[in-house]
Amino acid sequence: MERNDLPSAKDITFYQQNGYWLSPKLFDDKELEVFRNHHAAVVAGQYETKRPPLNREPDAGDVSRLVQINNAYWTDATIARLVLHPTIGKIAARLAGVKGIRLWHDQLLYKPPQSGKAGNIGWHQDRGYWLWLDNENALTAWVALDDVDEENGCMEVVPGSHRWGLLGEDHFYQQDIEQQTKRIEEKTGQPFKTQPCVLPAGCVSFHHCLTVHGSRANVSDRPRISIAIHLIPDGTRYKADAVSEDHTNNTLRQPNDGDTYAGPYFPVLFREDDPNANIWMSVKS
Ligand SMILES: O=C(O)CCC(=O)C(=O)O
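All values reported here derive from a predicted model rather than from experimental measurement.

What counts, and at which threshold
- Residues numbered from 1 in each chain as written.
- Predicted model: local features only at pLDDT ≥ 70, side-chain atom pairs only at ≥ 80, totals over all residues.
- Heavy atoms only, no water.
- Helix = DSSP H or I, 4+ residues; strand = E, 2+ residues; numbered from the N terminus.
- Buried < 20%, exposed > 50% of the residue type's maximum accessible area, 1.4 Å probe, protein only.
- Contact = heavy atoms within 4.5 Å.
- Areas by Shrake-Rupley, 256 points an atom, 1.4 Å probe, with all protein chains shown as cover.
- Lys, Arg positive; Asp, Glu negative; His and termini not counted.
- Charge placed at Lys NZ, Arg CZ, Asp CG, Glu CD.
- Near = heavy atom within 4 Å.
- Polar contact = N/O pair within 3.5 Å; in protein donor to acceptor, adjacent residues only side chain to side chain.
- 1 Å grid on protein atoms, 1.4 Å probe; cavity = no way out; pocket = protein on both sides within 12 Å on 5 of 7 lines; lining within 4 Å.
- Sits in = over half its atoms within 2 Å of the grid points.
- Nonpolar A, V, L, I, M, F, W, Y, C, P; charged D, E, K, R; others polar.
- Salt bridge = Lys/Arg side-chain N within 4 Å of Asp/Glu carboxyl O.
- Arc of directions from axis to C-beta.

Chemist: Which parts of the structure should I look at to understand the overall build of the protein chain?
Modeler: In terms of regular secondary structure, the protein chain is built from 5 helices and 12 strands. Taking the principal axes of the C-alpha coordinates as reference, the protein chain spans close to 50 × 40 × 40 Å. Buried residues in the protein chain amount to 56% of all 285 residues. A fraction of 82% describes how many contacts in the protein chain between residues 6 or more apart in sequence connect residues 24 or more apart. Total accessible area on the protein chain is roughly 12,100 Å²; 49% of this is exposed by carbon and sulfur atoms. When the 30 basic and 38 acidic side-chain charges of the protein chain are each reduced to a single mean position, those positions are 2 Å apart.

Rendered as structure tokens:
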């Protein structure tokens, strides 16, 4: 379904200055319930397509700590409809100031209730993992499938940190985020002030690939249910000489320096000059 909740010129300026933007509600409660049911099935290891994800941690069914499943959209047609949604692509294109958007990979996330430190996601910049991309315009759409707030460990961003350059602090699984905070303050000489991305269900936060972000424990009795959709501008190329942190994206390199990221691993969400470029919306759940 096409929607008109696109960022205004003011919203785009906000994204350019702060490195993030929070959308209005893009998905209604009925759709969200369907998405949550499919999210739960994937977490439980029930893959309706019979195709496993790119990787996952921990094993299927273990929800005792943060669950992270990469390319969950391979496993489930409904999750694919969400991940490849053209409205998300269109918003991302507007914010990034590009004409087309492709999927880099998705990351389905489940943070258990009362997670303790095991629910922390260390401060990091996505770009640190993605140095093979030949531009710094990649961004992430983070979809709240249920209400997300400080109690259940919402994502926090550091406004303006996309202008700090690469910090070399890429520790998704770092649980001691207080220690990290001190280190980053020393490195940047600036106070480390985060903005919690409090999102009602169905809203989406977008962040630039250099924006520092992470999240704290879930201290509530509700799980935090979401999916992060990592996106690249159409036409992004592979830079072979880059050395990135070890990450799932290591497996998504291209064979030769200068190759464009394209083809079925990097499907189009939106292309300004070709409304039919997104073939995934025909996928039925
Ligand atoms: O879910 C979080 O708290 C952080 C997610 C994240 O690192 C991302 O979407 O890039």
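What follows continues from the structure just given.
Chemist: Whenever I open this one, the site of the ligand confuses me. Can you help?
Modeler: Of all residues adjacent to the ligand, which total 14 residues, the nearest are His 124, Trp 142, His 213, Ser 215 and Arg 224. A distance of 3.3 Å separates an oxygen atom of the ligand from a polar atom in the side chain of His 207. Relative to its free-state accessible area of 290 Å², the ligand is covered by the protein chains to the extent of 100%. When atoms are counted within 2 Å of each cavity's grid points, the one that captures over half of the ligand is the largest cavity. Contributions of two or more residues to the shell around the ligand are made by strand E5 (121–124), strand E6 (139–144), strand E10 (213–215) and strand E11 (224–233). In terms of residue count, the dominant contributor to the shell around the ligand is E11 (3 residues). When the residues that make up the shell around the ligand are grouped by side-chain class, the tally is 6 nonpolar, 6 polar and 2 charged.

Chemist: Is there a simple way to explain the environment of Asp 273 in this structure?
Modeler: Inspection of the secondary structure puts Asp 273 in the segment after strand E12 (268–271). Relative accessible area serves as the criterion here: at 66%, Asp 273 is assigned to the exposed category.

Chemist: Explain the environment of Ala 144 to me, please; I cannot follow it from the model alone.
Modeler: Relative to the helices and strands, Ala 144 resides in strand E6. Linking Ala 144 and Trp 104, residues 40 residues apart in sequence, is a C-alpha distance of 19 Å. Discounting residues that sit within four places of it in the chain, Ala 144 has contacts with Leu 32, Leu 199, Pro 200, Ala 201, Gly 202, Cys 203 and Ile 225.

Chemist: Would you explain the side chain of Arg 224 in this entry?
Modeler: Its location among the elements puts Arg 224 in strand E11. No salt bridge is formed by the buried Arg 224, whose closest oppositely charged neighbour, Glu 156, lies at an N-O distance of 8.6 Å. Each residue touching Arg 224, except ones within four places of it in the same chain, is listed here: Leu 109, Tyr 110, Lys 111, Ile 121, Trp 142, Val 148, Asn 152, Gly 153, Cys 154, Met 155, Ser 215 and Asn 218.

Chemist: Please clarify how the side chain of His 105 should be interpreted in this entry.
Modeler: With respect to the helices and strands, His 105 occurs in strand E4 (residues 100–111). Within the local environment of His 105, its side chain forms a polar contact with the side chain of Asn 70, the two groups lying 3.2 Å apart. Discounting chain neighbours no more than four positions away, the residues touching His 105 are Asn 70, Asn 71, Trp 130, Ala 228, Ile 229, His 230, His 247, Thr 248, Asn 249 and Leu 252.

Chemist: I would appreciate a short explanation of helix H1 (residues 9–18) in the present structure.
Modeler: Along an α-helix, residues three or four apart share an orientation, since each turn contains 3.6 residues. Among the residues of H1, those classed as buried are Ile 12, Tyr 15 and Asn 18. For H1, the angular spread of the buried residues around the axis is 150°, confining them to a single face. H1 presents Ala 9 and Lys 10 as exposed residues on the side facing more than 90 degrees away from its buried surface. In the core, the buried residues of H1 are packed alongside strand E1 (20–22), helix H4 (86–96), E6 and strand E9 (204–208).

Chemist: I tried to follow the pattern of salt bridges on my own but got confused; where do I start?
Modeler: Pairs can form between side chains of opposite charge once their charged atoms are near each other. Under the counting rule described, the total for this entry stands at 10 salt bridges. The salt bridge involving Lys 239 is made with Asp 241; its shortest N-O contact spans 3.7 Å. The partly exposed category is assigned to Lys 239, whose relative accessible area is 35%. Overall, the relative accessible area of 63% leaves Asp 241 in the exposed class. Across the pair Arg 271 and Asp 274 runs a salt bridge, and its minimum N-O distance is 4.0 Å. Residue Asp 274 is classed as partly exposed on the basis of its relative accessible area of 27%. Beyond isolated ion pairs, a larger network of salt bridges with shared partners links Arg 102, Asp 234, Arg 271 and Asp 274.

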